[in-house]
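Structural description and commentary
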Amino acid sequence: MGVLDIGSNSAQLQVVEASPGAPPLPTHAVKYPTFLAESIQPDGLITATGIDRLVEAVKDAAAAARTLQVDRLFAFATSAVRDAGNGTEIAARLARETGIQPRFLTGDEEARLTYLAVRRWYGWSAGRLLVLDIGGGSMEIALGRDAQPDFAVSLPLGAGRLTKAFLQDDPPTRDQLRALRRHARATLREVSDRLRWEGDPKRVIASSKTFKQLARLTGAPAQRTGPFVRRTLRRSDLAAWIPRIARLTTAERAQLRGISQSRARQVLAGAVIAKAAMTALDIKQLDVSPWALREGVILHHLESAMQQEPSLALDTLQISQTQEPTAPHSNVTVMPTLP
């Protein structure tokens, strides 16, 4: 099974061996740059150059899926294309020229699918989870203890979106950075009171490439050590690193530990958003999940497949209120009623 995530930074194909009841086992992952955040005009339209680059990226991903003999492919587009004024036209062109018709996930769906992946990774014993995810175009927050979150929201706080809107200079000016902080705090204020009212989580988990790179930058183990190694991110470390990153150019940031060249420009905005969220929600430290939105999509489809299989036949046990005491030879023990 393959999942094609058409995002603001890249079109990423994740291929897994998937079967109902088993965890999806990754076999291949390839990505092709889109850089859509840089191609969004002030009127909300994606430029012709950006669309051409997106179409070529999806063509390459589709060719890779065929080469890798993917049986089923689910393609989805997140906020960069979904929120674009010409998003419908882009989807039509993708269908026409690549043979792939992407689905537009809503912000609520992104939050819930990401929560599903994180819940499955950490298991029921993790208790009440607060899940944070920073993408290129939006930020998702979800809170809950069950299979579905009690609260899920998507905010326009993507690292790529805010880099373009606030951090025009490279490196940015102090005024630009100050304006970004104010905007992040004001936007988060809309949901922080609600989340506090919902109660404290037992664990706080972050997902997405932004959090993974920030955790690596601040000292977490490298990805090559595998998914089962614990990775954490502390708010105090972000506070120490943000001024240092702010003084560097994009080229200089790309030389930092864990920062990829494709995300070097937007890592500062990602760090500011992450720190603002952790401050608003009184989070001192969080864990970073290896599973995120793409895994949530896969798990959702696997669960749907399981629901279509024949279920076990269960008999209903009817107990009458006037039932006589159980016979001595019965295997059922009737416990006395407590006063």
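To keep things clear, this report deals only with the structure shown in the data block. (Residues numbered from 1 in each chain as written. Predicted model: local features only at pLDDT ≥ 70, side-chain atom pairs only at ≥ 80, totals over all residues. Heavy atoms only, no water.)

1. Here's the deal with the overall build of the chain
So the rule is basically this: Think of it this way: any DSSP run of H or I at least four residues long counts as a helix, any run of E at least two long counts as a strand, and we number them from the N terminus. Only protein chains enter the calculation, and the probe is 1.4 Å; a residue is then buried if its accessible area is under 20% of its type maximum, exposed if over 50%, and partly exposed in between. The contact definition used throughout considers only heavy atoms, calling two residues in contact when any of these lie within 4.5 Å. With residues, only the protein chains shown are counted as cover, and all accessible areas are computed by Shrake-Rupley using a 1.4 Å probe.
Within the chain, the regular secondary structure consists of eleven helices and eleven strands. Counting across all 339 residues of the chain, residues that qualify as buried make up 48%. Sequence separation of 24 or more characterises 68% of the internal contacts of the chain that already satisfy a separation of 6 or more. For the chain, the accessible surface area stands at approximately 17700 Å², while carbon and sulfur atoms represent 51% of it.

2. Details of the packing of helix 6 (residues 174–198) against helix 10 (residues 267–280)
Definition in use: Fitting a line to C-alpha atoms yields each axis, with helices limited to the stretch in contact; the angle taken between N-to-C directions then spans 0 to 180 degrees. In this scheme the crossing of two helices becomes right-handed for a clockwise turn of the near helix relative to the far one and left-handed for an anticlockwise turn of less than a right angle. Three categories are distinguished: nonpolar for Ala, Val, Leu, Ile, Met, Phe, Trp, Tyr, Cys and Pro, charged for Asp, Glu, Lys and Arg, and polar for the others, with Gly belonging to the last.
Between helix 6 and helix 10, the least distance of the axes is 9 Å, while the angle of their chain directions is 35 degrees. With respect to the hand of their crossing, helix 6 and helix 10 are arranged in right-handed fashion. Where helix 6 approaches helix 10, its residues Leu177, Leu180, Arg181, Ala184, Leu188, Ser192 and Arg196 are matched on the opposing element by Leu268, Ala269, Val272, Ile273, Ala276, Ala277, Thr279 and Ala280. Grouping the constituent residues of the contact of helix 6 with helix 10 by class yields eleven nonpolar, two polar and two charged.

3. Quick look at helix 3 (residues 87–98)
What counts here: A helix is expected to span 1.5 Å for every residue after the first. Comment: arc refers to directions from the helix axis out to C-beta atoms.
For helix 3, with twelve residues, the first-to-last C-alpha span of 16 Å sits near the 16 Å given by 1.5 Å per residue. Where helix 3 is concerned, the buried positions are Gly87, Ile90, Ala91, Leu94 and Thr98. End-on view of helix 3: buried residues confined to an arc of 100 degrees, all on one side of the axis. Across from the buried face of helix 3, at angles greater than 90 degrees, the exposed residues are Thr88 and Arg96. The secondary structure elements touched by the buried residues of helix 3 are strand 1 (2–6), helix 1 (48–67), helix 2 (79–82) and strand 5 (103–104). Gly99 occupies a position one or two residues after helix 3 and carries a positive phi of about 80 degrees.

4. Some remarks on the nonpolar core
Where a protein is soluble and globular, its nonpolar side chains tend to be buried together. In plain terms, the rule: For this analysis, a nonpolar core means a set of buried residues of the types Ala, Val, Leu, Ile, Met, Phe, Trp, Tyr and Cys, connected via side-chain atoms within 4.5 Å.
By size, the foremost hydrophobic cluster in this structure holds 50 residues, and its most contacted members are Leu130, Leu132, Met139, Ile141 and Leu286. Ranked by residue count, the leading element in this core is helix 10, at ten residues.

5. Side note on the pattern of salt bridges
Once the charged atoms of two side chains with opposite charge are near each other, the side chains can pair. The cut-off we apply is this: Here a salt bridge means any side-chain nitrogen of Lys or Arg lying within 4 Å of a carboxyl oxygen belonging to Asp or Glu.
Here the structure, examined in full by the defined rule, presents 17 salt bridges. Of the charged contacts in the structure, one is a salt bridge between Arg294 and Asp5, with a shortest N-O distance of 3.0 Å. Taken together, the residues span a long stretch of sequence, with Arg294 in helix 11 (residues 293–307) and Asp5 in strand 1 at a distance of 289 residues. In this structure, Arg294 and Asp5 share a single accessibility class: buried. Note that Asp287 is salt-bridged to Arg203, the shortest N-O span being 2.5 Å. Placement of Asp287 in strand 11 (residues 285–288) and of Arg203 in strand 9 (residues 203–207) is noted, with a sequence separation of 84 residues between them. Overall, the relative accessible area of 6% leaves Asp287 in the buried class. A cluster of three or more residues bridged by salt bridges with shared partners is formed by Arg82, Asp83, Glu110 and Arg161.

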